[in-house]
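A look at the structure
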Amino acid sequence: MILTITLNPSIDISYPLEKFEVDTVNRIANPIKTAGGKGLNVTRVLHQLDDKVVASGLLGGKLGEFIESELDNSSIKHSFYHIKGETRNCIAILHDGNQTEILEQGPEISEKESNGFLEYFRNIISDFTLVTISGSLPSGLPSNYYVQMLSICEEKNIPVVLDCSGDSLKQVLKSNRKPKAIKPNTEELSQLLGSEITDDIYQLKFSLQNELFKGIEWVIVSLGSKGAFAKHWNNYYKVSIPKIEVKNPVGSGDSTVAGIASAIVGNLDDVELLKKANVLGMLNAQEKLTGYVNLANYQKLADQIQVEEV
């Protein structure tokens, strides 16, 4: 069973407009409100795959209750730690072929709540075989908070798929607490290594030999429409994917994380893991809804993916 962690979830509100008018009233006929956050996207895809999954993290206030009710409506199990602050809204205005986002920072987490969640996390993870941790840290949590969570998982011998960026990722990479898998893109790699990283295979292979990645079993680098590049211990792979019609790329990285987690739990080999991860990312991009995959198209895409050891 897989536990997904989202520490800064949101209600994702989508406002579709034919034209966005500034400094006047814009009326929305069909707004879409969903339980959002990277980890909850991972959860939805795992649920569609029929993997046993439970969503957890931090929730607060009436907006937190809305997220729990949305998960209940989808028959998705959850076990959140409740905080005093109000869970945030994140608004996407879809207009003129563009997407303008307004993202609330989210609640401030107190020291008592920070310590309380770690203890709560320690008590519940024994029931799980793998943990995914996704997204940014809310205000109030220290930048090494994911290191503390990884330490608890290490005590219980539970592997972690970590999908974060910035200082929180750097803190993990510089620590002795290592996740089983991470999924950076080239921009995030560039930030970590202090130099521009492109999709050049030889540069990627050299970059992933950096001491920062020592001890991490899987490093899977997203290359967008060009596929992925992966390191599994001392083996390196180039993943080539077919061209697809992209309707909504938001959540494709989270769908990829779901594929990585599902494949690890299912003990798939290297090639099948990389295929599953990339297929799910593409399936999400082909749909308007975030965190949704049409599995009827799975095999057709899987047959077109090429995984080459380099």
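- The protein chain appears in an unreviewed UniProt entry as Tagatose-6-phosphate kinase from Streptococcus ovuberis.
- You can read under Catalytic activity (unreviewed entry) in the UniProt record for the protein chain the words "D-tagatofuranose 6-phosphate + ATP = D-tagatofuranose 1,6-bisphosphate + ADP + H(+)".
- Turning to the protein chain, the UniProt record has this under Pathway (unreviewed entry): "Carbohydrate metabolism; D-tagatose 6-phosphate degradation; D-glyceraldehyde 3-phosphate and glycerone phosphate from D-tagatose 6-phosphate: step 1/2."

Structural notes on the overall build of the protein chain
- Each helix and strand in the protein chain was counted, giving ten helices and 15 strands.
- The globule rule puts the C-alpha radius of gyration for 310 residues at 19 Å, and the 19 Å found for the protein chain is close to it.
- If one aligns the C-alpha atoms of the protein chain with their principal axes, the spans along those axes are about 55 × 45 × 40 Å.
- Sequence-distant contacts, at least 24 apart, represent 66% of the contacts inside the protein chain between residues at least 6 apart.
- For the protein chain, the exposed surface amounts to about 14900 Å²; the carbon and sulfur share of it is 46%.
- Side chains of the protein chain carry 30 positive and 39 negative charges; the gap between the two charge centres is 2 Å.

As for the pairing of strand β7 (residues 88–95)
- With seven of eight residues buried, β7 is to be regarded as a mostly interior element.
- In this structure, strand β2 (residues 10–17) lies alongside β7, joined through eight bridges in parallel fashion. Across the sheet, the residue bridging to Ile13 is Ile91, located in β7.
- Between β7 and strand β8 (residues 98–103), which pair antiparallel and follow one another directly, the connecting turn spans two residues, one of which, Asp96, has a positive phi of 55°.

Here's the deal with the state of the cysteines
- On inspection of all chains with the given rule, the structure shows zero disulfides.
- The thiol of Cys164 is not disulfide-bonded; the next cysteine sulfur, from Cys153, is found 13 Å away.

Considerations on the domain arrangement of the protein chain
- Partitioning the protein chain into domains gives domain 1 (1–177) and domain 2 (181–215 + 217–309).
- With 23 residues of domain 1 in contact, the opposing surface of domain 2 contributes 26 residues.
- For the pair domain 1 and domain 2, the summed buried surface comes to about 2200 Å²; carbon and sulfur atoms form 67% of the total.
- Broken down residue by residue, the surface that domain 1 buries against domain 2 is led by Val45, Gln48 and Leu173, which jointly contribute 25%.

What to know about the nonpolar core
- If you look at the biggest cluster of nonpolar residues, it comprises 47 residues, and the most contacted ones within it are Leu7, Phe121, Val131 and Met149.
- No other element matches helix α4 (residues 145–155), which puts seven residues into this core.
- The residues that make up this core include at least three from each of domain 1 (1–177) and domain 2 (181–215 + 217–309).
- Once you skip the residues sitting within four places of it in the chain, Met149 turns out to touch Ile5, Leu7, Phe117, Leu118, Phe121 and Ile133.
- Residues Leu46, Leu49, Val161 and Ala277 belong to the second largest nonpolar core, which totals 34 residues.

Considerations on the packing of helix α1 (residues 38–48) against helix α8 (residues 252–265)
- Their axes nearest at 8 Å, the elements α1 and α8 cross at an angle of 55°. Classed by the angle they form, the pair α1 and α8 counts as oblique. In terms of crossing hand, the pair formed by α1 and α8 is right-handed. Only Asp254, Ser255, Val257, Ala258 and Ser262 of α8 make contact with α1, whose side of the interface consists of Lys38, Asn41, Val42, Val45 and Leu46.
- Per-class residue counts for the contact of α1 with α8 are five nonpolar, three polar and two charged.

Regarding unusual backbone geometry
- Phi is positive for Asp50, close to 70°, though the residue is something other than glycine.
- Among the secondary structure elements, Asp50 is positioned in the loop between α1 and β4 (53–60).
- A relative accessible area of 69% means that Asp50 is categorised as exposed.

Remarks on helix α6 (residues 186–193)
- Glu188, Leu189, Ser190 and Leu192 are the residues of α6 that are buried.
- Those residues of α6 that are buried lie in contact with α5 (166–173), α7 (201–207) and β12 (218–222).
- Of the residues that open α6, the one with a side-chain oxygen 3.1 Å from the backbone nitrogen of Glu187 is Asn185.
- Following α6 by one or two positions, Gly194 has its phi on the positive side, about 75°.

Focus on the environment of Gln203
- Mapped onto the elements of the fold, Gln203 is located in helix α7.
- Its relative accessible area of 25% is what places Gln203 among the partly exposed residues.
- As for Gln203 and Gly227, which are separated by 24 residues in sequence, their C-alpha atoms are 16 Å apart.
- Residues in contact with Gln203, not counting those within four places in the same chain, are Glu196, Ile197 and Thr198.
- A distance of 2.8 Å separates the side chain of Gln203 from the backbone nitrogen of Thr198, its partner in a polar contact.

Quick word on the pairing of strand β1 (residues 2–6)
- Counting buried positions along β1 gives five out of five residues, so the element sits mostly inside the fold.
- The alternating pattern of β1 places Ile2, Thr4 and Thr6 on one face and Leu3 and Ile5 on the opposite face, and all of these are buried.
- Where β1 lies against β4, five bridges are found, and the strand directions are parallel. Bridge pairing links Ile2 to Val53 in β4.
- With five bridges joining them, β1 and strand β9 (residues 130–134) adopt parallel strand pairing. Residue pairing across strands places Leu3 opposite Val131, the latter belonging to β9.

Calculation rules
- Residues numbered from 1 in each chain as written.
- Predicted model: local features only at pLDDT ≥ 70, side-chain atom pairs only at ≥ 80, totals over all residues.
- Heavy atoms only, no water.
- UniProt positions renumbered as here; feature names shortened; annotations may be inferred.
- Helix = DSSP H or I, 4+ residues; strand = E, 2+ residues; numbered from the N terminus.
- Rg over C-alpha atoms; globule rule 2.2 N^0.38 Å.
- Contact = heavy atoms within 4.5 Å.
- Areas by Shrake-Rupley, 256 points an atom, 1.4 Å probe, with all protein chains shown as cover.
- Lys, Arg positive; Asp, Glu negative; His and termini not counted.
- Charge placed at Lys NZ, Arg CZ, Asp CG, Glu CD.
- Buried < 20%, exposed > 50% of the residue type's maximum accessible area, 1.4 Å probe, protein only.
- Pairing = 2+ DSSP bridges.
- Disulfide = S-S within 2.5 Å.
- Domains from an automatic or database assignment.
- Buried area = accessible area lost by both parts, 1.4 Å probe.
- Core = buried A, V, L, I, M, F, W, Y, C linked by side-chain atoms within 4.5 Å.
- Axes fitted to C-alpha atoms, helices over the stretch in contact; angles between N-to-C directions.
- Parallel < 35°, antiparallel > 145°, perpendicular 65-115°, else oblique.
- Left-handed = near helix turned anticlockwise from the far one by under 90°.
- Nonpolar A, V, L, I, M, F, W, Y, C, P; charged D, E, K, R; others polar.
- Polar contact = N/O pair within 3.5 Å; in protein donor to acceptor, adjacent residues only side chain to side chain.

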